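Spelled out from the first residue to the last, the chains are:
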Amino acid sequence: MKFIIYILIMLLFLTSCEDKNKYKGDIFDTHLHAAQDINKQFAGLEKHKIVRGAVSSSWDNQEAYRTSTKTGFLIGLMFPCPNGIVPYSGQKCFSDGREFPDIAWIRQQIIDKKIDFFGELLNEYYGISPSDSIMFPYYELAQEFKLPVGIHTGLAGPNNLCPNYNPLMGDPALMKDILIRFPGLKVWIMHAGAPYLKGTLEILRDYPQVYADISVLANPDIFKKPDFNAYMKSLIDSGFEDRLMFGSDNGDLDKIINSVNELDFLTVEQKEKIFFKNAETFFGVN
């Protein structure tokens, strides 16, 4: 009987310790896309205490996220669009079928406060480097208005509807030229560059204005947990706990949040930075 009581006490103690190391506060999701069932998406975000979200999708879809909900949304501008469509969904990025939006039109949308950031930038899907000169006028505009820029990096899934998709263009090391040319540009590396760890570490080390979101990387349905743990350990051990941001990329929120909370080498204070504080700083909304 005493042995059973001892075991129960130990289980309660271990559960209490695990619970204390879990972050339970508000979350800032820096990588969201439009969903088919928007009301279900809103309910899921509210349930998981996601109070802010950066959303990118086709321009027409963005309108639904300007409404007042318990999640405050930042609206992104997604481009360049291969054959004028959003990867995977096949929707037109812009109603006129453009691959690249007109600079004058973008300027007016920014002035009208309808664009909060550029992203998700789809260079890799389009088959070009993020430092391709065709992107320079857009970076110049982002720098002028101090808009954050989120660039897709890493790899991509099958059936993406992008015939020129080039995985070699997903290495964050390719951002070096634009970060030199546009020193005031605020960039975040979407998907934390995985599996291009070397390039990710190099850019984060050399350019303190660059942050990274951990979407996809933290999703156990896509990235194996041991690989996620090792990748995150490298980022943390390299000193970047203040520049990593939570992102779901519309994945299973329970699984993704748990994946971060299960990282036993992180303190709850470090998890708070990743889940919320770092994004507040990066987007300037605190």
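Attention in this report is confined to the structure presented alongside it.

What counts, and where the lines are drawn
Residues numbered from 1 in each chain as written. Predicted model: local features only at pLDDT ≥ 70, side-chain atom pairs only at ≥ 80, totals over all residues. Heavy atoms only, no water. Pairing = 2+ DSSP bridges. Helix = DSSP H or I, 4+ residues; strand = E, 2+ residues; numbered from the N terminus. Axes fitted to C-alpha atoms, helices over the stretch in contact; angles between N-to-C directions. Parallel < 35°, antiparallel > 145°, perpendicular 65-115°, else oblique. Left-handed = near helix turned anticlockwise from the far one by under 90°. Contact = heavy atoms within 4.5 Å. Nonpolar A, V, L, I, M, F, W, Y, C, P; charged D, E, K, R; others polar. Buried < 20%, exposed > 50% of the residue type's maximum accessible area, 1.4 Å probe, protein only. Salt bridge = Lys/Arg side-chain N within 4 Å of Asp/Glu carboxyl O.

Let's talk about the sheet that holds strand β3 (residues 72-79)
- Pairing in this open sheet of eight strands is parallel, and the strands run β1-β2-β3-β4-β5-β6-β7-β8 from one edge to the other. This sheet does not close on itself; its edge strands, each paired only once, are β1 (27-32) and β8 (244-245).
- Summarising the sheet, strand β2 (residues 50-55) and β3 pair through four bridges and their orientation is parallel. Within β3, the position partnered with Ala54 by the bridge is Leu74.

Structural notes on the packing of helix α8 (residues 197-206) against helix α9 (residues 225-237)
- Remark: α8 packs on α9, axes separated minimally by 11 Å, with the N-to-C direction vectors making an angle of 25 degrees. On the basis of their axis angle, the class for α8 and α9 is roughly parallel. Seen along the crossing, α8 lies across α9 with a hand that is right-handed. In contact with Leu197, Thr200, Leu201 and Leu204 of α8, α9 contributes Tyr231, Ser234 and Leu235.
- Tallied by class, the residues present in the contact of α8 with α9 amount to five nonpolar, two polar and no charged.

Brief notes about the pairing of strand β4 (residues 117-121)
- Taking burial as the measure, the five residues of β4 include five buried ones, the bulk of the element.
- Sheet topology places β3 next to β4; three bridges connect them, and they run parallel. For Leu77, the partnering residue across the bridge sits in β4 and is Phe118.
- Examined bridge by bridge, β4 and strand β5 (residues 149-152) share two bridges and lie parallel to one another. Note on β5: the bridge partner recorded for Phe118 is Val149.

Overview of the pattern of salt bridges
- Here the structure, examined in full by the defined rule, presents eleven salt bridges.
- Across the pair Glu262 and Lys225 runs a salt bridge whose closest N-O atoms are separated by 2.8 Å. In this pair, Glu262 is assigned in the loop between α10 (253-261) and α11 (268-283) and Lys225 in helix α9, connecting sequence segments 37 residues apart.
- Classification of Lys225 by relative accessible area gives partly exposed; the value is 35%.
- Glu272 serves as the salt-bridge partner of Lys277, at 3.8 Å between the closest nitrogen and oxygen.
- The exposure class assigned to Lys277 is partly exposed, which follows from its relative accessible area of 42%.
- By sharing partners, the salt bridges in this structure join Glu241, Asp242 and Lys273 into a single network.

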